[in-house]
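# Secondary and tertiary structure notes
Spelled out from the first residue to the last, the chains are:
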Amino acid sequence: MDKPFAITLKPGSSLANHTGSWRTTRPEYVDRLPPCNAACPAGENIQGWLFHAESGDYEKAWHALVENNPLPAIMGRVCYHPCEGGCNRQHMDSAVGINSVERFLGDEANKHGWKFAPAAAASGRRVLVIGSGPAGLSAAYHLTRMGHKAVIYEEAPLAGGMMRFGIPKYRLPREVLDTEIQRLLDFGVELHLETKVTDVQQTMKDGFDAVFLGVGAHIAKRAYIPAGDANKVLDAVSVLRGMEDHDAPLLGRRVVVYGGGNTAIDVARTAKRLGAEESIIVYRRTRDKMPAHDFEVEEALQEGISIKWLSTITEAGMGERGDDIMVEKMALDENGFPQPTGEFERMEADSVVLALGQDADLSLLENVPGLVVDKGMIEIDAGMMTGHPGVFAGGDMAGNERTVTVAVGHGKKAARAIDAWLRGEKYAPLPKPELATFDRMNPWYYSDAPKTMRPVLDIIRRQSTFEEVLGGLDETNALFEARRCMSCGNCFECDNCYGVCPDNAVIKLGPGKRFQFNYDYCKGCGICATECPCGAIRIVAEEN
Amino acid sequence: MLKQTEGSHAVAEAVALCRPEVICAYPISPQTHIVEGLGEMVKSGDLKDCEFINVESEFAAMSVAIGSSATGARTYTATASQGLLFMVEAVYNASGLGLPIVMTVANRAIGAPINIWNDHSDSLSQRDCGWIQLFAETNQEALDLHIQAFKLAEELSLPVMVCMDGFILTHAYERVDIPTQEQVDAFLPPYEPRQVLDPAEPVSIGAMVGPEAFMEVRYLAHAKQMQALERIPQMAEEFKTVFGRAIGGLTHSYRTDDAETIVIAMGSVLGTIKDVVDEMRDAGEKIGVLGITSFRPFPIAAVAAALKNCKRFVVLEKSLAVGSGGIVATDVRMAVTGMGLKGYTVVAGLGGRAITKKSLHALFAKAGRGELEPVTFLDLDWQVVNRQLERERQTRRSGPAAESMLRDVGTVASKIA
Amino acid sequence: MSLQPVKFYQTGTFTVGNRLLAPEERSVQANMQRTNSLNSGHRACQGCGEALGARYAIDAAMNATNRQLIAANATGCLEVFSTPYPETSWQIPWIHSLFGNAAAVATGIAAAIKVKKQKGQGGDVRVVAQGGDGGTTDIGFGCLSGMFERNDDVLYICYDNGGYMNTGVQRSSATPPAARTATTMPLGPEPGNVFGQGKFVPAIAMAHEIPYVATATVADLRDLEYKVTKAMGIRGARYIHILVPCPLGWGTASHDTIRMARLAKETGIFPVFEAEYGEVKSVLAIRRPLPVEEYLRPQKRYAHLFGKSPAVATIARIQALADKNIRKYRLQARQGGH
Ligand SMILES: Cc1cc2nc3c(=O)[nH]c(=O)nc-3n(C[C@H](O)[C@H](O)[C@H](O)COP(=O)(O)OP(=O)(O)OC[C@H]3O[C@@H](n4cnc5c(N)ncnc54)[C@H](O)[C@@H]3O)c2cc1C
Ligand SMILES: Cc1ncc(C[n+]2csc(CCOP(=O)(O)OP(=O)(O)O)c2C)c(N)n1
Ligand code: SF4
Ligand code: SF4
Ligand SMILES: [Mg+2]
């Protein structure tokens, strides 16, 4: 076309006008730390694996998950999911059911027999892992991934630690446990059962370059309760451990559990399932002070467990048949501590189970120089190493927070530290990006979607059998739940920035490749950042 | 084909023969019959493949024309007087964008006071709008000029106004020779737009142009009109070969060879003037006529050449540059700059005032004697005017500006008295 | 237990794109091959809602017409910032004629297309006319109404930023009550626009009983695209009125452009609906109801309402207008749905 001068112009010629020079602030893509990830003691990249689950690629999601935690099917059952407590979605409706999706993925993996991605090339280094609880399994797994030979010595006849000998089956079916442990063994973790380590330094001499201790805490704490003979006073750990034996423990018709932790609840619920007509928890403080998780208390109450608040057992084995106990009423002082009131009550009890916590058995560490033990707990540095070089520790024996998840996290962290140590380096964790707080997001963009409830086993069956109480999500529900994730702080390719820029200054790189700013044209208006649903764009002042 | 028909209808037939693709117009006397005629042809199917659009205003008419022309459709509209003024913004725009729209202006006075009769105030108000303006003397010329107008417009990518006197031509029944479709087709090729809105080759038409290029754009518009000065006479020649009629061109000289006085005019009044000239020639006066067909571009050289040998010229125009005098006269004076001619401006026929042979005889005789005022208002009723002026002098005390204006008019009046 | 709608896609259609949706269900703007009809390098202010709205709308129209589209543009910001010599940002055949004639120019284009097609010289090309609120509701209103009345095959899109922004923020007949512009000050007791004046052209368009009238905002891209697409599927006169916040004229932060549009819709200030042949057919319900104050407060053009002693009565009047919209168009938030 022979265009008239000046009044008729060639299409798109404004590309010659670089409006980027107008800019005083610039947008930048960032990956912020999602609060769920920040809250996960196992350091899972939850947002990362949910991203794949959202699109229905469960295998990819599972692989992303097990990069940090090799036990999703277990974790999806027993983890107290602090991640959900951090979840930003709670500010909209309710937290994403991260845990239930995790379980779904774990179960899918078990169903389909998915295997871990191949490990790194063998380093030729051998690491001794003591204990096959979650801490030990996790350390062994991560060490194996990194190419080291991990060898577990386990005292018990079966692997799993408290996951097997503590957590009741109605919460963690043993097939699930077995399957996930077997996957680890298939992956190359070496396990020696019924192999108790009594002297670490001695055992180390079997050709190990480092050691990870994950012996847990198994010695039940006792409270002094004057008791006659007739009364059965047991401890929770033994009772639960006994559940794994052929003959279930005999607890009687009326069981009193003393304590307020999750273990107390587990024992009380177990007693009910073993046929106790009455299963009563005696706890010295109030419900809101109880360390047990509220949902577990709730489930227990539903199952007919009764709880005596503000009460202590002062005497057992009373009365003619020796099966009465004396309970004293307590009252909270202004600091919230229970104080005796002098008011007493007699109760009948066929057995009293003490669930007052456990201490670690550290006898295998005697003679190890440099170790520091404080209040029954071994001291470790930021890299999980004890005072003795090359001796690392984690899990229940090394922390106040005693959960499977913390143990898994410890195992991972220790494995990384051991890996560094083996290379003669000091482990330095990557700096954490800033938190993807809710105020950095634009929640408008998320569809309304209340949390999916997991199916719950009906009451009658719960009181009589050890069948799993909480069911899993089916595929649709899991997908739904995954999609409730808001991908806080991390681009999930919603195309908003690409769409909302009035200057076409965002380049879409294609599926999975995210976006790029075209600073030739970006005027720095900031719309992209304001309208980014997940807060993955920040605005920074333009220099000069 | 010879036909006794109304001027408007003759033009409608000519336009139809040009195969317009879009016709959009808004009614105003005395243009209505042209558009109605075209409408009938569209309806009857005599005019095929043509969109006839009833718009809601002249502004819309020209705007629709801009859109269709820019999209490559041969586009026609017609208006007059108030209608032309109502579309002015778009009129300028059409030429600024270089769109070859053809528009008939059925010349009519401009109000207030509202007046439906003929003069040239409307198209002359658009003197500088960038359109080519061709004035028809007869209905035959009006008809033929439309055919030339399309060709000229499309070749130059400029809009063309064909101006014909309202009522005097538009409503006059005369015998005209209506060409055949074959003739028109042979003369006027299909419209090949210079620029077109086309998804296959997108462009942005109508950019905002700043000081850095605006002068150049305007100069180029001027240069195009200068090109037209060359093309218009050539086109008249080409027309003659196809149609056998000498129509168009820039100017027409009539009995000017040895003329000492040359009367210059545009449009149908030339007929009356020629009659008077004939009579005066018979009486031995050396008088001739120069008819201007192309008012824009203004044929400076042609006018100068035509007046080369005369002693004086009289520009008789149906328009008034209020506060100054003549409009056409100004241009003619520019054309003869330095030639030492005496020139007279005669404002005549405003708002349809009859221009009689009698008055012209007297006028030309006076001019021949060198007695004419520089600016003359033909057949003005001085009694009425003076009475009014007198009244206003007595009752109006509206400040210095008004006072001085009154004084001015008073001077003119006293000269005549 | 689980009674969830199975179809749940995280952000559904709220975001521009959504990798969870089938490609054909995604927005035009999400497409890597979108036309970018209004390309980079234009000179609109930072965060200009009109620039955004125009690309949204024209890209959608291009998509709906298989890129067989011509646009006529009225004078105004959009025209000025997109086509200053020697550069144009438009990638489509585009013409700017005058301030008040875009609708008529489009009629002409449509007529030409029709003839060309009839003659077998051209394909099925469609026409869009576009202009600002001034070019639409005021100076271009005659041409617009004429185009409607003739039912010409034109989609007219009005980018309503509530004033003559290009000339420095003067009042138009689309300037909302109480909003301050450079020319509202002299009139009435308050610096803001007088209540009870102005016109809502979508309603007037409906009165022409044309096949399609819709309103939209730059905050609801999918709705906007749906409407443009739907409009392009209809023959005859169509009108879409898009609310496009103007950071300059409204005195809002450049990054708040979409947020402001959203607030206009969520407060009921700007009803978002569609109508066929003069009857409202659907509305975009309010999702998170808010008082008008939330919308007014961030805008400097309403700053005079929030001085030391807030203009409670005036704010209440605006709230009443919003409430009236909510009643009239039934904009009440509905449960669920996404
Ligand atoms: C009843 C109960 C319920 C619980 N429920 C939950 C729950 O729902 N969710 C949750 O997150 N946490 C729960 N916990 C806590 C959780 O089980 C522990 O925090 C976790 O198992 C600790 O892991 P670990 O690897 O540190 O130790 P452990 O799991 O205790 O494993 C230690 C292992 O080391 C072995 N071992 C010890 N000494 C030696 C030695 N000298 N040589 C060789 N092997 C040795 C032990 O046999 C054992 O297998 C529960 C605990 C109990 C008691
Ligand atoms: C006939 C005419 N009158 C006035 C103007 C001056 N003018 C140009 S753009 C404009 C305002 C445009 O306002 P609007 O149509 O709302 O578009 P915006 O700039 O707000 O996008 C005005 C008054 C003009 N160009 N033409
Ligand atoms: S929306 Fe576009 S122009 Fe604005 S800051 Fe983001 S990339 Fe830059
Ligand atoms: S004044 Fe308003 S409408 Fe105009 S370019 Fe700036 S932001 Fe856009
Ligand atoms: Mg505006």
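Residues numbered from 1 in each chain as written. Chains lettered and ligands numbered in written order. Predicted model: local features only at pLDDT ≥ 70, side-chain atom pairs only at ≥ 80, totals over all residues. Heavy atoms only, no water.

## With respect to the overall build of chain C
Check the secondary structure of chain C and you find eleven helices and eight strands. The principal-axis extents of the C-alpha atoms in chain C amount to approximately 70 × 65 × 40 Å. Within chain C, the proportion of its 338 residues that are buried is 62%. Surface accessibility of chain C: about 11900 Å² in total, with carbon and sulfur atoms responsible for 53%. With 37 positive and 26 negative side-chain charges, chain C shows a spacing of 2 Å between the two charge centroids. (Helix = DSSP H or I, 4+ residues; strand = E, 2+ residues; numbered from the N terminus. Buried < 20%, exposed > 50% of the residue type's maximum accessible area, 1.4 Å probe, protein only. Areas by Shrake-Rupley, 256 points an atom, 1.4 Å probe, with all protein chains shown as cover. Lys, Arg positive; Asp, Glu negative; His and termini not counted. Charge placed at Lys NZ, Arg CZ, Asp CG, Glu CD.)

## A few points about the site of ligand 4
Residues and elements named next belong to chain C. Surrounding ligand 4, one finds Ala-44, Cys-45, Cys-48, Cys-77, Phe-81, Asn-161, Met-165, Cys-246, Pro-247 and Leu-248. Those elements that provide at least two residues to the shell around ligand 4 are α2 (77-82) and α8 (247-250). By residue class, the composition of the shell around ligand 4 is nine nonpolar, one polar and no charged. (Near = heavy atom within 4 Å. Nonpolar A, V, L, I, M, F, W, Y, C, P; charged D, E, K, R; others polar.)

## What to know about the site of ligand 1
Residues and elements named next belong to chain A. Around ligand 1 there are 34 residues in total, and Val-78, Glu-154, Arg-171, His-218 and Asp-396 lie nearest to it. Separating a nitrogen atom of ligand 1 from a backbone N or O atom of Val-197 is a distance of 3.0 Å. Within the backbone of Gly-214, an N or O atom sits 3.4 Å from an oxygen atom of ligand 1. A total of 980 Å² of accessible area belongs to ligand 1 in isolation, and the protein chains cover 96% of it. Contributions of two or more residues to the shell around ligand 1 are made by α7 (134-145), α12 (262-273) and α14 (404-422). Among the residues forming the shell around ligand 1, the class breakdown is 14 nonpolar, 13 polar and seven charged. Mapping the shell around ligand 1 onto the domain boundaries places at least three of its residues in each of domain 3 (126-218 + 360-422) and domain 4 (223-355). (Polar contact = N/O pair within 3.5 Å; in protein donor to acceptor, adjacent residues only side chain to side chain. Domains from an automatic or database assignment.)

## Re the pairing of strand β14 (residues 338-348) of chain A
Residues and elements named next belong to chain A. Taken together, the eight bridges between strand β13 (residues 324-332) and β14 define a ladder with antiparallel strand orientation. Looking at the pairing, Met-326 lines up with Arg-346 of β14. Joining the antiparallel neighbours β13 and β14 is a turn of five residues, in which Gly-336 adopts a positive phi near 85 degrees. (Pairing = 2+ DSSP bridges.)

## Some details on the interface of chain A and chain C
The interface is formed by 57 residues belonging to chain A together with 60 residues belonging to chain C. For the chain A and chain C pair, buried surface summed over both sides reaches about 5000 Å², with 53% attributable to carbon and sulfur atoms. When residues of chain A are sorted by the area they lose upon contact with chain C, Trp-444, Arg-483 and Asn-504 of chain A head the list and together hold 16% of the total. The interface formed by chain A and chain C contains four salt bridges. Residue Arg-19 of chain C is joined to Glu-54 of chain A by a salt bridge in which the shortest nitrogen-to-oxygen separation is 2.7 Å. If you list the elements that add at least two residues to the side of chain A that touches chain C, you get α2 (46-54), α16 (475-483), α17 (496-500) and α18 (527-531) of chain A. Here the side of chain A that touches chain C is composed, by residue class, of 27 nonpolar, 17 polar and 13 charged. (Contact = heavy atoms within 4.5 Å. Buried area = accessible area lost by both parts, 1.4 Å probe. Salt bridge = Lys/Arg side-chain N within 4 Å of Asp/Glu carboxyl O.)

## Some words on the sheet that holds strand β6 (residues 132-135) of chain B
Residues and elements named next belong to chain B. Across the sheet, seven strands lie side by side as β3-β2-β4-β5-β7-β6-β13; this open sheet has mixed pairing. The open sheet has two free edges, formed respectively by β3 (51-54) and β13 (294-296), since each of these has just one partner strand. Averaged over all neighbouring strand pairs, the angle between strand axes comes to 20 degrees, with direction disregarded. Where β6 meets strand β7 (residues 160-165), four bridges bridge the pair, whose relative direction is parallel. Bridging across to β7, Ile-132 finds its partner in Val-160. (Axes fitted to C-alpha atoms, helices over the stretch in contact; angles between N-to-C directions.)

## A short note on the sheet that holds strand β12 (residues 311-318) of chain A
Residue and element names in this part refer to chain A. Spatially, β12-β13-β14 is the arrangement adopted by the three strands of the open sheet, whose pairing is antiparallel. The outermost strands of the open sheet, each flanked by one partner alone, are β12 and β14. Adjacent strand axes in the sheet meet at a mean angle of 20 degrees when their direction is disregarded. Sheet topology note: the β12/β13 ladder contains five bridges and is antiparallel. Across the sheet, Ser-311 pairs through a bridge with Lys-329, a residue of β13.

## Some thoughts on the state of the cysteines
Inspection of the entire model under this criterion finds zero disulfides over all chains. No disulfide involves Cys-163 of chain B; its sulfur sits 9.4 Å from that of Cys-129 of chain B, the nearest cysteine. (Disulfide = S-S within 2.5 Å.)

## Comments concerning the domain arrangement of chain A
Considered domain by domain, chain A is made up of domain 1 (5-31 + 491-541), domain 2 (36-114 + 445-482), domain 3 (126-218 + 360-422) and domain 4 (223-355). Its C-alpha centre places domain 1 of chain A at a distance of 64 Å from the equivalent point of domain 4 of chain A.

## Topic: the pattern of salt bridges
A side chain of one charge can pair with a side chain of the opposite charge when the charged atoms of the two come close. The full count for this structure, using the stated rule, is 77 salt bridges over all chains. Residues Arg-194 of chain B and Asp-2 of chain A are paired through a salt bridge, measuring 3.4 Å at the closest nitrogen-oxygen approach. With Arg-194 of chain B in the loop between α8 (181-187) and β9 (204-205) and Asp-2 of chain A in the segment before β1 (8-9), this pair bridges two chains. The closest approach of N and O atoms between Asp-152 of chain C and Arg-150 of chain C, which form a salt bridge, is 2.8 Å.

## Quick notes on the environment of His-218 of chain A
Residues and elements named next belong to chain A. Looking at the secondary structure, you find His-218 in the loop between β6 (210-213) and β7 (219-220). Separated by 100 residues in sequence, His-218 and Pro-118 have C-alpha atoms that sit 34 Å apart. Not counting the four nearest positions on each side in its chain, His-218 is found in contact with Met-162, Val-237, Arg-241, Gln-358, Asp-359 and Ala-360.

## Re the packing of helix α3 (residues 58-66) of chain A against helix α6 (residues 98-112) of chain A
Residues and elements named next belong to chain A. Where α3 contacts α6, the two axes come as close as 10 Å, and the packing angle between them is 105 degrees. On the basis of the axis angle, α3 is roughly perpendicular to α6. For the pair α3 and α6, the contacting residues are Tyr-58, Ala-61, Trp-62 and Leu-65 in the first and Glu-102, Phe-104, Leu-105, Gly-106 and Ala-109 in the second. For the contact of α3 with α6, the per-class residue count stands at seven nonpolar, one polar and one charged. (Parallel < 35°, antiparallel > 145°, perpendicular 65-115°, else oblique.)

## Remarks on the coordination of the magnesium ion (ligand 5)
Residue and element names in this part refer to chain C. Donor atoms from the polypeptide that coordinate the magnesium ion (ligand 5) comprise Asp-133 (OD), Asn-161 (OD1) and Gly-163 (O), at 2.0 to 2.1 Å from the metal. Along the chain, the residues donating to the magnesium ion (ligand 5) fall in the pattern D-x27-N-x1-G. Here Gly-163 lies in the loop between β4 (155-160) and α6 (201-207) and Asp-133 lies in helix α4 (residues 133-138), a separation of 30 residues in the sequence. The class for Asp-133 is buried, based on a relative accessible area of 1%. For Gly-163, a relative accessible area of 4% gives the class buried. (Donors = N, O, S within 2.8 Å, 3.2 Å for Na, K, Ca; no water.)

## Comments concerning the nonpolar core
Counting residues in each nonpolar core, the largest one holds 99 residues, and the members touching the most others are Met-62, Ile-66, Leu-307 and Val-332 of chain B together with Ile-95 and Tyr-239 of chain C. Broken down by element, this core gets its largest block of residues, ten residues, from helix α3 (residues 102-118) of chain C. Here this core gathers at least three residues from each of two domains, domain 1 (2-243) and domain 2 (251-377) of chain B. Among residues more than four places away in sequence, those in contact with Met-62 of chain B are Thr-77, Met-87, Ala-90, Val-91, Ala-94, Ile-101, Met-103 and Trp-131 of chain B. Counting 71 residues, the second-largest nonpolar core is a separate cluster that includes Met-441, Tyr-446 and Cys-491 of chain A together with Leu-69 of chain C. (Core = buried A, V, L, I, M, F, W, Y, C linked by side-chain atoms within 4.5 Å.)

## Some words on the side chain of Asn-442 of chain A
Relative to the assigned elements, Asn-442 of chain A resides in the loop between α14 and α15 (459-464). Since its relative accessible area comes to 10%, Asn-442 of chain A is described here as buried. Within the local environment of Asn-442 of chain A, its side chain forms a polar contact with the backbone oxygen of Thr-530 of chain A, the two atoms lying 2.9 Å apart. Excluding residues that lie within four positions of it along the chain, Asn-442 of chain A makes contacts with Thr-530, Glu-531, Cys-532 and Pro-533 of chain A together with Arg-262 of chain C.

## Concerning the interface of chain B and chain C
It is common to report an interface's size as the accessible area lost on association of the parts. The interface of chain B with chain C comprises 37 residues on the first partner and 40 residues on the second. Carbon and sulfur atoms make up 65% of the surface buried where chain B meets chain C, a total of about 2900 Å² over both sides. Ranking the residues of chain B by area buried against chain C places Asp-49, Pro-199 and Met-208 of chain B at the top, with a combined share of 20%. On inspection of chain B and its partner chain C, the count reaches four salt bridges. In this structure, Glu-21 of chain B and Lys-116 of chain C form a salt bridge, with 3.1 Å as the shortest nitrogen-oxygen distance. On the surface where chain B and chain C come into contact, there are 17 residue pairs in polar contact (both at pLDDT 80 or more).

## Observations regarding unusual backbone geometry
Peptide bonds are, in most cases, trans, and in most cases residues other than glycine have a negative phi. Residue and element names in this part refer to chain B. In this chain, Gly-111 is followed by Ala-112 through a cis amide linkage whose omega measures 5 degrees. The residue Ala-112 is located in the loop between β5 (102-107) and α6 (121-125) in this model. With omega at -5 degrees, the peptide bond leading from Ala-112 into Pro-113 counts as cis. Along the polypeptide, Pro-113 turns up in the loop between β5 and α6. Despite not being glycine, Asp-49 shows a phi value in the positive range, around 50 degrees. Tracing the sequence through the fold places Asp-49 in the loop between α2 (32-44) and β3. The class for Asp-49 is partly exposed, based on a relative accessible area of 27%.

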